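Chain by chain, the residues run as shown.
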Amino acid sequence: MERSSVRSMKACAIALLICAVLLMTSLSGCVQQNQTTIKNPTTYVRYDIGEPKTLDPAEAYDSASCDIVNNMYDRLVTYHGNDTLHIYPSLALNWTVASDQLTWTFHLRHDVLFSNGDPMNATDVKYSFNRVITVNSPDSSVAWILEQCMNLNSTTIIDPYTVQIKLTNTYGGFLALLAFSVASIVDMKTVEANGGIVANTDNEWMKENGVGTGPYQLDHWTHNSEVVLAKNLNYWGGWSGQHVDTVVVKSADEASTRILALENGDADFAYIPYGNLVDINNKTGLFTVQEPSYNVVLGLFDTVSSNKFMADKEVRRALSYAFNYQSAIDDAFNSYLYRLPGCIPKGMPYYNTQNNGTSVYNYNLAMADQILNQSGYLRDFNFKGTYYRFNNTAIRLWYNSGNAERQKMALSFQQALTDLGINSIVSTEGWPQYLNRMYHTNEWDFMFLGWMPDYNDPDDYIAPFVGSAANGGDTFHTGWANASVDSYINQGKYTVDPTARAAAYTAAFNIYINDPSMIFIGQETYTRGMRTWLHGYSYNPVLEYYYYDYYKA
Amino acid sequence: MKTWEYIVRRLILLIPVIIGVTIITFTVSHVIPADPARAFAGGPKAQPEAIAHIRAELHLDEPLWKQYFFYLNDLIHLNLGKSYLENRPVLESLRDYFPATFELTMVAMLIAVPLGIIGGIISAIKQNKISDHFSRIIAIVGYSLPIFWLALMLQYLFAYLVPILPLEGRLSVGMVPPTTITGFYVIDSILTGNVATLSSSLLHLILPAFTLGFSTLAIILRMTRSSMLEVMSADYIRTARAKGVPERKVIYQHGLRNALIPTLTVIGLQFGALLSGAVLTETIFNWPGMGRFAANAVLGLDFNSVMGFTLIVAIIYVIANLIVDLLYAMVDPRVKLGGG
């Protein structure tokens, strides 16, 4: 071998060695380091996905927007801590309701200033409600929440600190509506000075600015990066006690970045997907929040599908028994899912009207087989030696691409259907295409979908889920309708008598569960990672973050 | 042809390029059977009024050719439409995100171009020596390392294990961005005399710029090396050496000037590619730039944002190629602008 060639090989070997050492150093020195000194002690930093679409309460409907609005503005009533069953005073000190259940009188606090120093009074309250209804946000249409029982004539100023709201109809969830971000009180002078109210038009200034009475005010918003809130020195709740001065909500799409931020102490709180929780479990200084959320997971049947057998309730009952719920919980959601007996999630009022919170359907292929056989759907189609039902017509199972949990559930369901002698096809497509299929075609038989709360009342779940399209329901376009269920939904909605509401929801449940238009799969566990130095946090599914309660120590 | 005439001619050619790009992008994005109006209005929670409003704004009920006509009409009036994912005009989004990406790309190129060219020259003149082997390994690693892996490793090393650099973002937590003059944080910090944001923005640039520039460095390095090797074996180099021209002058004046032309082509293309394709780097480093914006727009079928982004990228490519062509003429006097 030539001398130069040997030298060349040696050089190559040395270079490789240097690179290997560099690589080894970077990978092998993974001594677990954990941040113990509190970073940014007066600043709360949350790393999450997504970012607000708007900061205007009259437009905000997505959770990222509502989160900021809820901390910049106050409403007449609110929730405390993790209590979802009671509503507490906020800008209203107290309230009364007349015997007609239509006339509500709210007595306001006298000591409330907006963050710019303007006093808050009944004029602002009336202005805020009428603004939502007049603006009628064309992009989000969130005004529908108030319009369920209010119009432009509903709010009357009795005196500077008393307002009366006359509902257009009785509504059992009225106070829950008032606790939602859309009912936030804005400063009339500020809004009027910045575009005012234009019918059916969103206010461009209010999208990115705002003056509220809440504990925090907007410091700055860098799109696709962060929203920073600073404490409102005029806040009526005062700043004695322990609170954070600044709130930073970061929009970080990449899970590994959020995890590293939590581990190195940059983040106090972060959204961690189920699959990554193992990365932070049992690490010093870190804590995993696990609470039942109001986010429900559903499997929808198209009862007017081009596959005519989907119209038969016995087929849908059989399929409800063929779904492997435990597999969904264990395999798809890594056990971060609770069973859901019906439309109403656990924690919400009237949950127990659903078979006392016990699921009617459990995974039982023998039962599914029996129901199908009794209904005449026999395994009578021979295809290459295997006998199928429905003349070997395939049931079309869909999930939206990128959703790993739904993919696993679809494949598990397909296996169960195969065992039952039912041919099936699992398909996926992007979210806008998925919605197109659901709402504009009948070329699907089963789809996965979820639902998150608007406000804390069962009417926000039952009516859209199992109400008919004619009654303003059928949100998922399943084509299912039942006049009796509609009647019970309306009874529950339009009464404030808890006993009557419970009776109505029980009766509705007993009908829709035996003629299912969907499989009630589960209720997701809310999982987040947080530093143990963060205190004052409590999970409330309808007021997810209330930063005023937080402090670091 | 005079230089300014050449520039004007090339810029006029932008018009058919833009029309071609809009036709292709518009058609591709609109023929997919989808319900973007419902997706923008909140998915299953969308209210019928909101869906109808968005459908009307996007003219979704009109035939495709009419929709394109509306789009072109808006474009002529410099209206790129509304981004429904961001709930604001596309132009505003691009105004915010373009400087962020441009700043990142410029720093990435500042790392990649000098190191790549110098590395390529050394590698060529020290062919098969240790420095050549080392640069070859750097090039191979640069080519083959997945950008997301490199980004994650750098984050892990320098923001967690040895926390000397920031993990993500453009500024430290809670720091107010400098007053917007150009949109480039570094320049705006200098112009406003804000030392704190200047140092923070520079520190925040290091990891993402290195990640973005590393593969470009590898490409430039290899391209410069191979060009230099070819040029250095040419007759005129041998003649120059025979005439007793100093080796340094042979390399830099006779060799490099001729070897730079293919490298310039690569630099121009890479510049455009980095500006339009920094999706992974921007996502991992939480960099609020055009790459993340475009990726979200594509996934959400936000037509207007996709179209706006594509237009910007097309313009960038045309301008980058124009600059490269001008540089050809500067570097090599034999190159005549506009042919002939």
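This one's a predicted model, so the numbers in the text were calculated from it and none came from an experiment.

When you go through chain A residue by residue, the secondary structure sums to 17 helices and 21 strands. Taking the principal axes of the C-alpha coordinates as reference, chain A spans close to 90 × 80 × 40 Å. Across the 553 residues in chain A, those meeting the buried criterion constitute 48%. Partitioning the intrachain contacts of chain A with sequence separation of at least 6 by distance along the chain shows that 69% fall at a separation of at least 24.

Residue and element names in this part refer to chain B. The phi dihedral of L78 falls on the positive side, at around 55°, and the residue is not glycine. Positionally, L78 belongs in the loop between α5 (64–76) and β1 (82–83). A positive phi angle is found at N128, which is not glycine, with a value near 65°. Note on placement: N128 falls in the loop between α6 (90–125) and α7 (130–144). Judged by the 15 C-beta atoms lying within 10 Å of it, N128 is partly exposed.

Let us now look at the environment of I219 of chain B. Residue and element names in this part refer to chain B. Within the element layout of this structure, I219 appears in helix α10 (residues 195–232). Taking the C-beta count within 10 Å as the criterion, I219 has 20 such neighbours and is therefore assigned buried. Put simply, I219 and V266 are 47 residues apart on the chain and 7.9 Å apart in space, counted from C-alpha to C-alpha. Non-local contacts of I219, meaning those with residues more than four positions away in its chain, are made with V266 and Q270.

Moving on: the domain arrangement of chain A. Partitioning chain A into structural domains gives domain 1 (47–285 + 532–552) and domain 2 (292–525). Centre-to-centre separation of domain 1 of chain A and domain 2 of chain A, based on C-alpha positions: 33 Å.

All names here are of chain A. Where strand β2 (residues 77–80) and strand β3 (residues 83–89) come together, three bridges link them in antiparallel fashion. Each bridged residue has a counterpart across the sheet, and for T78 the counterpart in β3 is Y88. Between β2 and the antiparallel strand that follows it, β3, lie two residues; G81 among them carries a positive phi value of about 50°.

The biggest cluster of nonpolar side chains holds 228 residues, and the ones touching the most others in it are L146, L298, I462, A508 and Y547 of chain A together with I220 of chain B. Of the residues forming this core, the biggest block, 15 residues, is contributed by α10 of chain B. Taken together, domain 1 (47–285 + 532–552) and domain 2 (292–525) of chain A each give at least three residues to this core, which thus spans both.

Residue and element names in this part refer to chain A. Across the sheet, four strands lie side by side as β4-β5-β7-β6; this open sheet has antiparallel pairing. The outermost strands of the open sheet, each flanked by one partner alone, are β4 (92–97) and β6 (155–159). Across the sheet, the axes of successive neighbouring strands diverge by a mean angle of 20°, strand direction being ignored. Pairing geometry for β4 and strand β5 (residues 103–108), over five bridges, is antiparallel. In the sheet register, V97 faces β5, and the bridge partner there is W104.

Attention now moves to the interface of chain B and chain A. With 50 residues of chain B at the contact, the number on the chain A side is 53 residues. Sorting the residues of the side of chain B that touches chain A by element identifies α3 (36–40), α4 (48–58), α7, α8 (147–161), α13 (279–284) and α14 (290–299) of chain B as the ones contributing at least two each. Sorting elements by how many residues they give to the side of chain B that touches chain A places α8 of chain B first, with eight residues. Of the residues belonging to the side of chain B that touches chain A, the class tally is 28 nonpolar, 13 polar and nine charged.

Once that is clear, we can look at the packing of helix α11 (residues 235–242) of chain B against helix α12 (residues 247–276) of chain B. Residue and element names in this part refer to chain B. The N-to-C vectors of α11 and α12 enclose an angle of 150°; their axes lie 11 Å apart at closest approach. The orientation of α11 relative to α12 falls into the category roughly antiparallel. The two elements α11 and α12 cross, and the hand of that crossing is right-handed. Here Y236, I237, A240 and R241 of α11 lie close against α12, whose contacting residues are V250, H254 and G255. When grouped by side-chain class, the residues that make up the contact of α11 with α12 number four nonpolar, two polar and one charged.

What counts, and where the lines are drawn
- Residues numbered from 1 in each chain as written.
- Chains lettered and ligands numbered in written order.
- Predicted model: local features only at pLDDT ≥ 70, side-chain atom pairs only at ≥ 80, totals over all residues.
- Helix = DSSP H or I, 4+ residues; strand = E, 2+ residues; numbered from the N terminus.
- Buried ≥ 20, exposed ≤ 12 C-beta atoms within 10 Å, placed from the backbone.
- Contact = placed C-beta atoms within 7 Å.
- Domains from an automatic or database assignment.
- Pairing = 2+ DSSP bridges.
- Core = buried A, V, L, I, M, F, W, Y, C linked by C-beta atoms within 7 Å.
- Axes fitted to C-alpha atoms, helices over the stretch in contact; angles between N-to-C directions.
- Nonpolar A, V, L, I, M, F, W, Y, C, P; charged D, E, K, R; others polar.
- Parallel < 35°, antiparallel > 145°, perpendicular 65-115°, else oblique.
- Left-handed = near helix turned anticlockwise from the far one by under 90°.

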